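Descriptive analysis of the structure
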Amino acid sequence: NAGVTQTPKFRVLKTGQSMTLLCAQDMNHEYMYWYRQDPGMGLRLIHYSVGEGTTAKGEVPDGYNVSRLKKQNFLLGLESAAPSQTSVYFCASSYSPWLAGSQNIQYFGAGTRLSVL
Amino acid sequence: SQQGEEDPQALSIQEGENATMNCSYKTSINNLQWYRQNSGRGLVHLILIRSNEREKHSGRLRVTLDTSKKSSSLLITASRAADTASYFCATEIAGANSKLTFGKGITLSVRP
């Protein structure tokens, strides 16, 4: 099993450009998450999804949009990139905590390093 | 404000020594988890302790939870150079079952 796969691994954008980060998981997980990791800030939740067709805002949603059209994929979009969005982005997935015997243990992808110039 | 705060921010020990890392949090939780992140990689789950548990073991890992003090500790015994990584505590806040809140992390260096 591949687990959680993020593409691309690296990207450099100019201010104002747009891009989409793709996350794919093959574990049949209901829940998916997008985080950003900045030095000294830990991981901060951007958006998350508790199922196909549903999304919700996290701690730092401004400037990002997401879509979950298929259960296995979770897309993060930047419509007009800004230098403040330079970061490492991580996708994660988990089983629903409401599933009998399940716990909210998250499985992470390897990350996407994004630089916005 | 940060739900989970790890302490210390950085720790350097000799191979074979034990490493103790602490995490404090602010609100009631369902569970507390520890994750490890090797340089340039994603986070990997290590161990989970529920709010009604006080201690759990997994291999060389021992985690304790004191809900009265809202704190947890992770002990890595007989450390190895391969344990060099960043360690994060994450809390599932009671009533927010779909999300985890991560701390800023502890950088552990194990010298050969």
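Conventions we followed
Residues numbered from 1 in each chain as written. Chains lettered and ligands numbered in written order. Predicted model: local features only at pLDDT ≥ 70, side-chain atom pairs only at ≥ 80, totals over all residues. Heavy atoms only, no water. Contact = heavy atoms within 4.5 Å. Salt bridge = Lys/Arg side-chain N within 4 Å of Asp/Glu carboxyl O. Polar contact = N/O pair within 3.5 Å; in protein donor to acceptor, adjacent residues only side chain to side chain. Helix = DSSP H or I, 4+ residues; strand = E, 2+ residues; numbered from the N terminus. Nonpolar A, V, L, I, M, F, W, Y, C, P; charged D, E, K, R; others polar. Buried < 20%, exposed > 50% of the residue type's maximum accessible area, 1.4 Å probe, protein only. Pairing = 2+ DSSP bridges. Axes fitted to C-alpha atoms, helices over the stretch in contact; angles between N-to-C directions. pLDDT = per-residue confidence, 0-100. Disulfide = S-S within 2.5 Å.

Each partner contributes to the interface: chain B provides 20 residues, whereas chain A provides 22 residues. The tally of links between chain B and chain A comes to zero salt bridges. Counting every contact that joins chain B to chain A gives four residue pairs in polar contact (both at pLDDT 80 or more). Secondary structure elements with two or more residues in the side of chain B that touches chain A: β4 (29-37), β5 (43-50) and β9 (85-93) of chain B. Considering every element that reaches the side of chain B that touches chain A, the biggest residue donor is β5 of chain B, with four residues. Residue composition of the side of chain B that touches chain A, grouped by class: six nonpolar, nine polar and five charged.

Let us look at the pattern of salt bridges. Considering all chains together, one arrives at five salt bridges over all chains under this definition. Here Lys-71 of chain A ties to Glu-30 of chain A by a salt bridge, and the two come within 3.1 Å at their closest N and O atoms. Here Glu-30 of chain A lies in the loop between β3 (19-25) and β4 (31-38) and Lys-71 of chain A lies in the loop between β7 (65-67) and β8 (73-78), a separation of 41 residues in the sequence. Asp-83 of chain B is paired through a salt bridge with Arg-60 of chain B; the nearest N and O atoms lie 2.9 Å apart. With Asp-83 of chain B in the loop between β8 (71-76) and β9 and Arg-60 of chain B in the loop between β6 (55-58) and β7 (61-66), this pair connects stretches of sequence that are 23 residues apart. A residue is classified by how much of its surface remains accessible, and Asp-83 of chain B, at 7% relative accessible area, is buried. One continuous salt-bridge network, built from bridges that share partners, spans Arg-36, Asp-38 and Arg-44 of chain A.

Attention now moves to the sheet that holds β8 of chain A. Residues and elements named next belong to chain A. In spatial order, the strands read β1-β3-β8-β7; together these four strands make up an open sheet with antiparallel pairing. A single partner strand is all that each edge strand has here, and the edge strands are β1 (4-7) and β7. The average angle at which neighbouring strand axes cross in this sheet is 20 degrees, direction not considered. Sheet topology places β1 next to β3; four bridges connect them, and they run antiparallel. Across the sheet, Gln-6 pairs through a bridge with Cys-23, a residue of β3.

Looking at chain A as a whole, the pLDDT averages 93, with 95% of positions reaching at least 70. By mean pLDDT, strand β5 (residues 42-51) of chain A is the weakest element of chain A at 94, and β8 of chain A is the strongest at 98.

Residues and elements named next belong to chain A. A complete count under the given rule lists two disulfides over all chains for this structure. One disulfide in the model links Cys-23 with Cys-91; its S-S distance is 1.9 Å. The sign of the -75 degrees torsion about the S-S bond sets the Cys-23-Cys-91 disulfide as left-handed. Of this pair, Cys-23 sits in strand β3 while Cys-91 is found in strand β9 (residues 87-94), placing the two residues 68 residues apart along the sequence. Across the pair, Cys-91 and Cys-23 agree in class, each one buried.

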